[in-house]
Amino acid sequence: MQKCFSMKLKNELEEIIRMSKLIDKFGDEHNITPDTLYEINLALEEILTNIISYGFEDKLKHNIFIEGHLHNNILKIKIEDDGIAFDPLSIKEPDLESNIEERQIGGLGIHLVKTLMQNISYLRENEKNVLILEKLLKCTEDLIPIK
Amino acid sequence: MKIKNEIRQGINIISLNGRLDSFSSQEIGEKFDSFINSGSYKFIIDFSDLNYLSSAGIRILLQLKKSCTKLNGDVKLTNVSPYVLNVLKISGFLNIFSVYENVDIALKSYFIENNSEKNDSNTQELYETSIGTFKFEKKNTETAKIRVIGENQDFLYAKCKKDSIYSESLNKLKYTLGIGALGDKPDDFFANIGELMIVGGTVVWVPTDGHNVPDFLIPIDESAEIKVHTAFHIILENTFNEIVRFEAKSPSEGVSLEDVYKSLFELSKGRITEYKGILSAVMRVDVGAIFGAGIKKAPILKNSPANSEMITHRDNIKDWLNFQVDYEHQNTTALIVGIGIDLKSYEKSPAINLVFQINPDQKKQQMLHNHAAIFKFFPEKYQSYELEQEIDNVINNGEFIGMQHLLDRSTIKKGIIGLNYVQEIKKRKLEIGIRT
């Protein structure tokens, strides 16, 4: 298992941009295909947005840690925050069918993460939420596969 | 994130540049609100330079569309990249937003829909759905009507009587489905009433004489008075409102007829304002698996089930219906005439009962009735939108295999569909009854 990126983020939505630059850099270094990179970016944004928007009941500054590890061609991303306990796997599936008048958007972000990642696990540990996303990486063909 | 907008022909065209994520969507959402407040409610959003969209972006697009829909407007998307399209698809938003290839096509679509005059440009509109692609081309804006002859109930309970048989000159009919027979003398054909369809003016009929061999009749001499006798029949009265080219996502396997109609129902909602949840379809398609059913004996009073239940009742179904799964002809071409109703959104009216027997507590989302004339695989000649030409070509040059009442799980690979947004269902008055 090889550590390939890590970052400390503040609980502000602006941080999404810094995060996406980090992921893009990781993609460049490892020749990840653009669709896979999009999906990783999206999953991380959805999770971080949830934490930043709903995770903290105080108005104080908090830190969120993300860390990527590579094992063969699986990327494991750990996201850790000290917000209120929230297991994203526990929320119900969103409405994907009803018409425009009745359509609701709640739960869509988590649905996207579940669809785009190969595995998600959640743990509440030492008053912290620890979420691990696993993504099978695709790399551009002509370059060296990830070890 | 940058946003630009211009107004063309009264439509607000917005270009988004950059990432529409949870950070930028707040600002863009406020911009959308200001457009609505200043009186815009018809939008085209150009995604050419949008390289990233997340659920936060979808949320503000949905809010915009909700506001516009209330004002009779719309939000149409163009130049959507494959990654963004995939996110919209996974999120279930391809049936909320119409997606167009470019701004010009999206712009035109605003005027085609609202303009009752015939539009002579050959603009096609492409929809990518989870089952495949649909390309629509408008043909005419006539009010599509269906005429129903006879009683659905007479057929379902096998209660057809000689004096409720109607005869109709063939040269008046082009696309129909139901039950009936050909022949001169009522005594001869009455007992042979079976599944019948007319496609492109050609009659295809399976007599219930026990042989299960279909008749296939091309009227050569148009002046000849050939009559079709029927106890229950659905007649499509118009040529097509739109022609649709369909191609399944997996062309080797195809997708079920059920899913094709489901997508057509969803897409139709965005195409005309008078959509009533009922479609008629004439298809010239390449099919995969064929699941068919056919009646074994004439649904006439003499044969009525002893238990007075429908012929499809579990105690009767074996005696009455032949279920056929055709694995031999995996690669065939079919001419289909059908009608479908979207039970989630149809406009309730007693006229529906003329066509479908709707069980109030049934859980189905749609009801379909399709008949298919099946041919050995026959390639399309022009890959065009000329459905009637292509149908004639199959009829005149294809190798006919048989006819089936198609079950919804039969699969379709690709082809042309002539679609009508049915506005009226009328019962045909007895014009030429052969009351004996």
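### Side note on the packing of aromatic side chains
Right, on to step 1. The final tally for this structure, using the stated rule, is 14 aromatic pairs over all chains.
Right, on to step 2. The interplanar angle of 35° and the centroid separation of 5.1 Å between the aromatic rings of tyrosine 38 of chain A and tyrosine 52 of chain B together place this pair among those described as tilted. Here tyrosine 38 of chain A is found in helix H2 (residues 34-54), whereas its partner tyrosine 52 of chain B is found in strand S3 (residues 42-53) on a different chain. For the pair shown, tyrosine 38 of chain A and tyrosine 52 of chain B are each scored as buried.
Right, on to step 3. Note that lysine 76 of chain B overlies the ring of tyrosine 110 of chain B, its terminal NZ or CZ placed 4.3 Å from the centroid.
Right, on to step 4. In this arrangement the basic side chain of arginine 409 of chain B is found over the ring face of phenylalanine 291 of chain B, its NZ or CZ atom lying 4.5 Å from the centre.

### Some words on the interface of chain B and chain A
Right, on to step 1. Contact with chain B, which involves 27 residues of that partner, is made by 31 residues of chain A.
Right, on to step 2. In this assembly, chain B packs against chain A so that about 2,500 Å² is buried in total across both faces, 61% of it on carbon and sulfur atoms.
Right, on to step 3. When the area that chain B buries against chain A is broken down by residue, the three leading residues are Phe23, Tyr83 and Ile90 of chain B, summing to 24%.
Right, on to step 4. Linking chain B with chain A are 2 salt bridges.
Right, on to step 5. The salt bridge partner of glutamate 45 of chain A is arginine 19 of chain B, with a shortest N-O separation of 3.9 Å.
Right, on to step 6. There are 12 residue pairs in polar contact (both at pLDDT 80 or more) connecting chain B and chain A.
Right, on to step 7. Mapped by element, the contributors of at least two residues to the side of chain B that touches chain A are S3, helix H2 (55-70) and helix H3 (82-90) of chain B.
Right, on to step 8. Of all the elements, H2 of chain B adds the most residues to the side of chain B that touches chain A, at 8 residues.

### A closer look at the sheet that holds strand S5 (residues 98-100) of chain B
All names here are of chain B.
Right, on to step 1. Read from one edge to the other, the open sheet built from 5 strands follows the order S1-S2-S3-S4-S5, with strand pairing classed as mixed. The sheet is open, and its two edges are formed by strand S1 (2-8) and S5, each paired on a single side. This sheet shows a mean twist of 25° between the axes of neighbouring strands, independent of strand direction.
Right, on to step 2. Across 7 bridges, S1 lies against strand S2 (residues 11-20) in antiparallel orientation. Bridge pairing links lysine 4 to serine 15 in S2.
Right, on to step 3. This element, helix H1 (residues 24-37), spans S1, S2 and S3 of the sheet and lies at about 175° to S2.
Right, on to step 4. The sheet strands contacting H3 are S3, strand S4 (74-78) and S5, and the helix crosses S3 at an angle near 110°.

### Some words on the pairing of strand S10 (residues 175-182) of chain B
All names here are of chain B.
Right, on to step 1. Within S10, 8 of the 8 residues are buried, leaving the element largely enclosed by the surrounding structure.
Right, on to step 2. Side-chain alternation along S10 places Tyr175, Leu177, Ile179 and Ala181 on one buried face and Thr176, Gly178, Gly180 and Leu182 on a second face that is also buried.
Right, on to step 3. Sheet topology note: the S10/strand S11 (residues 194-199) ladder contains 6 bridges and is antiparallel. Directly across from tyrosine 175, in S11, lies its bridge partner valine 199.
Right, on to step 4. Bridge count between S10 and strand S14 (residues 227-236): 8 bridges; the pairing is antiparallel. Each bridged residue has a counterpart across the sheet, and for glycine 178 the counterpart in S14 is histidine 233.

Rules behind the numbers
- Residues numbered from 1 in each chain as written.
- Chains lettered and ligands numbered in written order.
- Predicted model: local features only at pLDDT ≥ 70, side-chain atom pairs only at ≥ 80, totals over all residues.
- Heavy atoms only, no water.
- Phe/Tyr/Trp six-rings, centres within 6.5 Å; stacked < 30°, edge-to-face > 60°.
- Helix = DSSP H or I, 4+ residues; strand = E, 2+ residues; numbered from the N terminus.
- Buried < 20%, exposed > 50% of the residue type's maximum accessible area, 1.4 Å probe, protein only.
- Lys NZ or Arg CZ within 6 Å of the ring centre and 35° of its normal.
- Contact = heavy atoms within 4.5 Å.
- Buried area = accessible area lost by both parts, 1.4 Å probe.
- Salt bridge = Lys/Arg side-chain N within 4 Å of Asp/Glu carboxyl O.
- Polar contact = N/O pair within 3.5 Å; in protein donor to acceptor, adjacent residues only side chain to side chain.
- Pairing = 2+ DSSP bridges.
- Axes fitted to C-alpha atoms, helices over the stretch in contact; angles between N-to-C directions.

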